[in-house]
Amino acid sequence: PPISGRSVVVKEKEAIPKGSTGAKETISTDPPRGTRDFPPEDMRMRTWLFDNFREVSRLCAFEEVDFPVLESEELYTRKAGEEIVGQLYNFEDKGGRKVTLRPELTPSLARLVLQKGRAQSYPLKWFAIGQCWRYERMTRGRRREHYQWNMDIIGVPGVEAEAELLSAIVMFFTRLGITSKDVGIKVSNRKVLQAVLEKYGIQPDSFAAVCVIVDKLEKLKREEIVSELDKVGVPAEAIEGILQALTLQSFDDLEALLGADSGAVTELKQLFALAEGYGFQDWLHFDASVVRGLAYYTGTVFEGFAKNSQLRAICGGGRYDRLLSTYGGEDTPACGFGFGDAVIVELLKDKKLLPQFPHMVDDIVIALDDSLKVPAAGVAARLRNAGRVVELVIEKGRKMKWVFKQCDALKAKRLILLGTTEWEQGKVSVKDLSVREQTLKTVDELIAVS
Ligand SMILES: OCc1cccc(Br)n1
């Protein structure tokens, strides 16, 4: 078989007359640029990760939802200059519709909430795991797809909702062996920036664009940020005020700037108090520089980061109280987060916390004579119905040396051999591989000890 990634020329047999199609086109065995395959061991790791996403969501009483990977482009035609919108994997379908592979899950969730309307009992606590896409020049060599776990709460205006979401994130990290020494969650509130812009008399309609620009603070030079803010109409003195506000790291500083009765201060203090109740306060760090890069956030914003590491943000989210109304719905309080499948795996590898995911079975069943392959299938079926993971050797001519190697490779607990003599007595030979003991059992006895 071809080694993955090599081109393979598949030539037809010589019997085909000359001048016919003959050799097939060369094919590549690589997946499309920027995408990944998940061969068995990688798929076992992904399943383990997603099982943890699902278990945390289940423990927090969230309900799973799903949406098409293909959405109407109009769901994402926001005008705030977001990178995610500039990199849509979009196209016109054969019906002339402007569609796109979804770059995130939140707009789909908002669409489904509006579709279901008030028929749902609020608050909604929904989660989803879905593949998200972007299209950027491969010169940057970055992936074009990743999987995201999202949890969202719709219909709760108070920061109790954000506290629930943060507790789920901390529970997930904790399950994987990650502690608050490894990872922190930076928390801020876009009302900080909103208050600063109001102080300088800047129009609310440039708020989203300003947030998207200042989110690039760590990536762009200061003069680039200044230039981009200038382009969206932020006067020079306001720019200094904004950049100054983003350096705040304490509630005292925040109060000094905005006053003790500011919405941002009140909400942040409430959130940190709730975190004490859940017991995850050590994970939270107020950091006014966190604004996140999505236009629709309106309040609390947060992002998980690895301490003493250059890794990109592990997860991120916030409150988006006006997204549903931009889709024509009523103003509905909402907040949520996205948690990608890539950075977390890099972090687990760095921390040596990524488990092994071997292919394991309970039993291997083999007919030692071809005349016994039918009863061997019956034995395997009964064991499986009893809940055992059974590898039934279905290929012919396997020697015992190979069988024992297979037992080791699959970490089998038992090897079950059907031999003609024993089968005539209604028995099978069972090797208990954990204690290297061989016994004869009826199939009923075999099932009974399973
Ligand atoms: O986080 C931005 C993003 C969106 C879609 C796909 C990928 Br890879 N990354």
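Residues numbered from 1 in each chain as written. Predicted model: local features only at pLDDT ≥ 70, side-chain atom pairs only at ≥ 80, totals over all residues. Heavy atoms only, no water.

Some words on the pattern of salt bridges
Right, on to step 1. Overall, the coordinates contain 28 salt bridges when judged by the stated rule.
Right, on to step 2. The closest approach of N and O atoms between R78 and E104, which form a salt bridge, is 2.9 Å. Taken as a pair, R78 in the loop between strand 4 (70-72) and helix 2 (83-86) and E104 in the loop between strand 6 (98-101) and helix 3 (106-116) lie far apart in primary sequence, 26 residues in all.
Right, on to step 3. According to the relative accessible area criterion, R78 is buried, its value standing at 15%.
Right, on to step 4. Bridged by salt links that share partners, the residues E83, R134, E136 and R142 form one connected network. (Salt bridge = Lys/Arg side-chain N within 4 Å of Asp/Glu carboxyl O. Helix = DSSP H or I, 4+ residues; strand = E, 2+ residues; numbered from the N terminus. Buried < 20%, exposed > 50% of the residue type's maximum accessible area, 1.4 Å probe, protein only.)

Examining a nonpolar patch on the surface
Right, on to step 1. On the surface, V69, L70 and F91 cluster together into a nonpolar patch covering about 220 Å² of accessible area.
Right, on to step 2. Along the chain, the position of V69 falls in the loop between strand 3 (63-64) and strand 4. (Patch = residues over 30% accessible without salt bridge, like charges linked within 9 Å, V, L, I, M, F, W, Y side chains within 5 Å. Areas by Shrake-Rupley, 256 points an atom, 1.4 Å probe, with all protein chains shown as cover.)

Re the packing of helix 5 (residues 190-199) against helix 6 (residues 207-214)
Right, on to step 1. With their axes 11 Å apart at the nearest point, helix 5 and helix 6 run at an angle of 120° to one another. Looking at the two axes, helix 5 sits oblique to helix 6. Between helix 5 and helix 6 lies a crossing of right-handed hand. Here R190, L193, Q194 and L197 of helix 5 come into contact with helix 6, specifically with F207, V210, C211 and V214.
Right, on to step 2. Its residues assigned to classes, the contact of helix 5 with helix 6 shows six nonpolar, one polar and one charged. (Axes fitted to C-alpha atoms, helices over the stretch in contact; angles between N-to-C directions. Parallel < 35°, antiparallel > 145°, perpendicular 65-115°, else oblique. Left-handed = near helix turned anticlockwise from the far one by under 90°. Contact = heavy atoms within 4.5 Å. Nonpolar A, V, L, I, M, F, W, Y, C, P; charged D, E, K, R; others polar.)

Brief notes about the site of the ligand
Right, on to step 1. Around the ligand, the neighbouring residues are P103, C132, W133, R134, R143, R144, E145 and H146.
Right, on to step 2. The contact in question runs from a nitrogen atom of the ligand to an N or O atom on the side chain of R134, over 3.4 Å.
Right, on to step 3. Protein chains shield 80% of the accessible area of the ligand, which is 290 Å² for the free molecule.
Right, on to step 4. Of all the secondary structure elements, the ones that give two or more residues to the shell around the ligand are strand 7 (124-133) and strand 8 (145-154).
Right, on to step 5. In the shell around the ligand, the residues fall into three nonpolar, one polar and four charged. (Near = heavy atom within 4 Å. Polar contact = N/O pair within 3.5 Å; in protein donor to acceptor, adjacent residues only side chain to side chain.)

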